[in-house]
Amino acid sequence: MLQLHNTLTRKTGPFKPLKGKKVGLYSCGPTTYNYPHIGNYRAYVFVDLLKRYLLYRGYMVKHIMNITDVDDKTIKGSMEEGVSLSEFTAKYEKAFFDDLKALNILPANKYPKATEHIREMVAITKALMKKGLAYKGEDGSIYYNIRKFKDYGRLANIDITKLKAGASGRVKKDEYTKDDVQDFALWKAYDKADGNVFWETSAGKGRPGWHIECSAMSIKNLGKTFDIHCGGVDLIFPHHQNEIAQSEGWTGKKFVNYWLHNEWLLVNGQKMSKSLGNFFTLRDVLAKGFPAVAIRYLLLSTHYRQQLNFTFEGIDAAKASVERLNELIRKLGGVKGSSKSSVLIKKEISAASTAFEKAMDDDLNISEALAAVFEFVRQMNYHLDNSTIDKISAAAAINFLKKVDSVLGVMSFEAEEKLPKELMRLVEQREKLREEKKFAEADKIRAQLREKGIQLDDTAEGVKWKKIV
Ligand code: AMP
Ligand code: ZN
């Protein structure tokens, strides 16, 4: 049974969805004010791994990810560029979706935007005021009174009863640290710095705070109580703590059953972040010639609750691991004939499958899951080297890898297919030149194919080709 670590209880325990095999999953999405860095993508790749494993286990997942297209940073950015807020955020939203595709991240069911849910946010804000949980400050902004919510601090492990009465004050900024426990803005009264970004609403002229959008959009799409909410560890406080206060304060029901948080991607021991300037966007890394699949592998291959230090050597190693998997798939695809090893291979597939699932069931223990996969790779390579695998067993092995890859999303099964005709013609032309001992010309074609991402290997059974990732 799948066990997950819940930040709320600080324990790892069995995952039981609210409604049978249906899972409601919400993950905090990007603030579209710049190109996300690969640290951000660690968060999105983690959710993708979780979601893919839930699907593997037969759950039906409804996944919602918000787009924060109005906040302090997006307003500042659009003003600096002298363009409208929507024009400014549209550019980065597109970049985000391009990156998700490049990283083979399964699309969410919906990507609701903050600017399209102002009405819902105002409604919650006003309901919270009516319940006495929120109040209007002198500046016209509406704040959540954190002392009125009895569980405030539970997720973030903060004891607010130890705060001096009246010492906390209010905070209007979207982001702040754990040392800054204060009443937070649900609705921000218009300020000149907001330029032409404001809404005239029954809560006043202004714009929503950041935290309220996730309460509004998650509840709208997944209901008052849903199964899983994810994000990076920096979101535990204040963002997710505030989401709980807003949602539970409003509905009177438990908001989320399982809170899952991923750890940092580090650079030289420090969190990769925009503010420290130690970041790489996905574009930066791809421009250096690294394939997106290697970045995906790197980001998912360390357990999500462990910090991961980013290095280019790490991407190289990830690339080599992906190549090793693809090389096996290619070789298995070329197996012909029959032998007597199928019983043993069946056993090896079954053992690898059990080990993979046991590891993933243990709070997505990816290191052990990958160890099981690479033990299987070793076994299959042994059979291939000793010709103790037949076509049927090879097909079964490929099927198993396909199943594993529905979770990992890094392998390429194209090698089973044929090369495009024009490339195949080049391969044949080179063969002919080699037969005619025109090696220099043959080498030119080999280089030409390499540029197109095809590597040729001359083996005892003739020329073989493979895609280079
Ligand atoms: P943001 O756009 O800053 O709200 O971040 C989007 C997501 O990326 C959040 O879930 C963050 O927790 C996560 N995140 C930001 N920096 C890192 C990092 N260096 N490592 C892992 N996750 C990160
Ligand atoms: Zn959120």
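Reading the values: rules and limits
Residues numbered from 1 in each chain as written. Chains lettered and ligands numbered in written order. Predicted model: local features only at pLDDT ≥ 70, side-chain atom pairs only at ≥ 80, totals over all residues. Heavy atoms only, no water. Domains from an automatic or database assignment. Contact = heavy atoms within 4.5 Å. Salt bridge = Lys/Arg side-chain N within 4 Å of Asp/Glu carboxyl O. Polar contact = N/O pair within 3.5 Å; in protein donor to acceptor, adjacent residues only side chain to side chain. Core = buried A, V, L, I, M, F, W, Y, C linked by side-chain atoms within 4.5 Å. Buried < 20%, exposed > 50% of the residue type's maximum accessible area, 1.4 Å probe, protein only. Helix = DSSP H or I, 4+ residues; strand = E, 2+ residues; numbered from the N terminus. Phe/Tyr/Trp six-rings, centres within 6.5 Å; stacked < 30°, edge-to-face > 60°. Lys NZ or Arg CZ within 6 Å of the ring centre and 35° of its normal. Donors = N, O, S within 2.8 Å, 3.2 Å for Na, K, Ca; no water. Pairing = 2+ DSSP bridges. Axes fitted to C-alpha atoms, helices over the stretch in contact; angles between N-to-C directions. Near = heavy atom within 4 Å. Areas by Shrake-Rupley, 256 points an atom, 1.4 Å probe, with all protein chains shown as cover. Nonpolar A, V, L, I, M, F, W, Y, C, P; charged D, E, K, R; others polar.

(A) Representation of the domain arrangement of the protein within the structure. Under the domain assignment, the protein is made up of domain 1 (17-276), domain 2 (323-408) and domain 3 (416-467). Distance between the C-alpha centres of domain 2 and domain 3: 28 Å. The interface of domain 2 with domain 3 comprises 4 residues on the first partner and 4 residues on the second. At the surface where domain 2 touches domain 3, the tally comes to 0 salt bridges. Inspection of the domain 2/domain 3 interface yields 0 residue pairs in polar contact (both at pLDDT 80 or more).

(B) Quick peek at the nonpolar core. Of all hydrophobic cores here, the largest spans 81 residues; its most connected members are Leu 50 and Ile 228. Ranked by residue count, the leading element in this core is helix α1 (residues 38-56), at 11 residues. Of the domains in this structure, domain 1 (17-276) and domain 2 (323-408) are the two that each give at least three residues to this core. Not counting residues up to four positions away in its chain, the partners in contact with Ile 228 are Leu 4, Phe 15, Val 23, Gly 24, Leu 25, Tyr 26, Leu 50, Leu 54, Val 256, Tyr 258 and Leu 260.

(C) Quick peek at the packing of aromatic side chains. Under the definition given, this model contains 24 aromatic pairs. Ring centres 5.3 Å apart and planes at 65 degrees place the aromatic pair Phe 88 and Tyr 92 in the edge-to-face group. Placement of both Phe 88 and Tyr 92 in helix α3 (residues 85-102) is noted, with a separation of 4 residues, approximately one turn of the helix. When the centroid spacing of 4.7 Å and the interplanar angle of 75 degrees are considered together, the rings of Phe 97 and Tyr 111 count as edge-to-face. Taken together, the residues span a long stretch of sequence, with Phe 97 in helix α3 and Tyr 111 in the loop between α3 and α4 (118-130) at a distance of 14 residues. A residue is classified by how much of its surface remains accessible, and Phe 97, at 27% relative accessible area, is partly exposed. The aromatic ring of Tyr 59 is capped on one face by Lys 21, whose charged end is 4.1 Å from the ring centroid. Sitting over the face of the ring of Tyr 304, Arg 305 holds its NZ or CZ atom 6.0 Å from the ring centroid.

(D) Broad picture of the coordination of the zinc ion (ligand 2). Note on the zinc ion (ligand 2): its protein donors are Cys 28 (SG), Cys 214 (SG) and His 239 (NE2). The metal-donor distances range over 2.0 to 2.2 Å. Summarised as a motif, the one-chain spacing of the donors to the zinc ion (ligand 2) is C-x185-C-x24-H. Of this pair, Cys 28 sits in the loop between β3 (22-27) and α1 while Cys 214 sits in helix α5 (residues 210-222), and the two are 186 residues apart along the sequence. When sorted by exposure, Cys 28 lands in the same class as Cys 214, which is buried.

(E) Summary view of the environment of Tyr 176. Within the secondary structure layout, Tyr 176 lies in the loop between β7 (170-171) and β8 (183-189). When the C-alpha atoms of Tyr 176 and His 239 are compared, they prove to be 9.1 Å apart, with 63 residues separating the residues in sequence. Residue contacts for Tyr 176: discarding those within four places in its chain leaves Val 171, Gln 182, Phe 184, His 211, Phe 237, Pro 238 and Asn 242. Here the side chain of Tyr 176 touches Asn 242 through a polar contact of 3.1 Å, side chain to side chain.

(F) Structural context of the sheet that holds strand β11 (residues 226-232). Taken in spatial order, the 4 strands make up an open sheet running β4-β3-β11-β12, and their pairing is parallel. Lying at the two open borders of the sheet, with one neighbouring strand each, are β4 (60-65) and β12 (256-262). Within this sheet the neighbouring strands show an average axis-to-axis angle of 20 degrees, counted without direction. Where β3 and β11 come together, 3 bridges link them in parallel fashion. Paired with Ser 27 across the two strands is Cys 230, which belongs to β11. Those strands touched by α5 are β3, β4 and β11, and its axis lies near 160 degrees from that of β3.

(G) Fine view of the sheet that holds strand β13 (residues 265-267). Reading across from one edge, β14-β13-β15 is the order of the 3 strands in this open sheet, with mixed pairing throughout. The open sheet has two free edges, formed respectively by β14 (270-271) and β15 (308-309), since each of these has just one partner strand. Alignment of β13 against β14, held across 2 bridges, turns out to be antiparallel. Its bridge partner being in β14, Val 267 is matched across the sheet by Gln 270.

(H) Layout of the site of ligand 1. Neighbouring ligand 1 are 17 residues, the closest being Gly 39, Gly 232, Asp 234, Leu 265 and Met 272. A distance of 3.1 Å separates a nitrogen atom of ligand 1 from a polar backbone atom of Gly 39. In this structure, an oxygen atom belonging to ligand 1 sits 3.0 Å away from a main-chain N or O atom of Gly 232. When ligand 1 is considered free in solution it has 490 Å² of accessible area, and contact with the protein chains removes 91% of it. Broken down by secondary-structure element, the contributors of at least two residues to the shell around ligand 1 are α1 and β11. Residue composition of the shell around ligand 1, grouped by class: 6 nonpolar, 7 polar and 4 charged.

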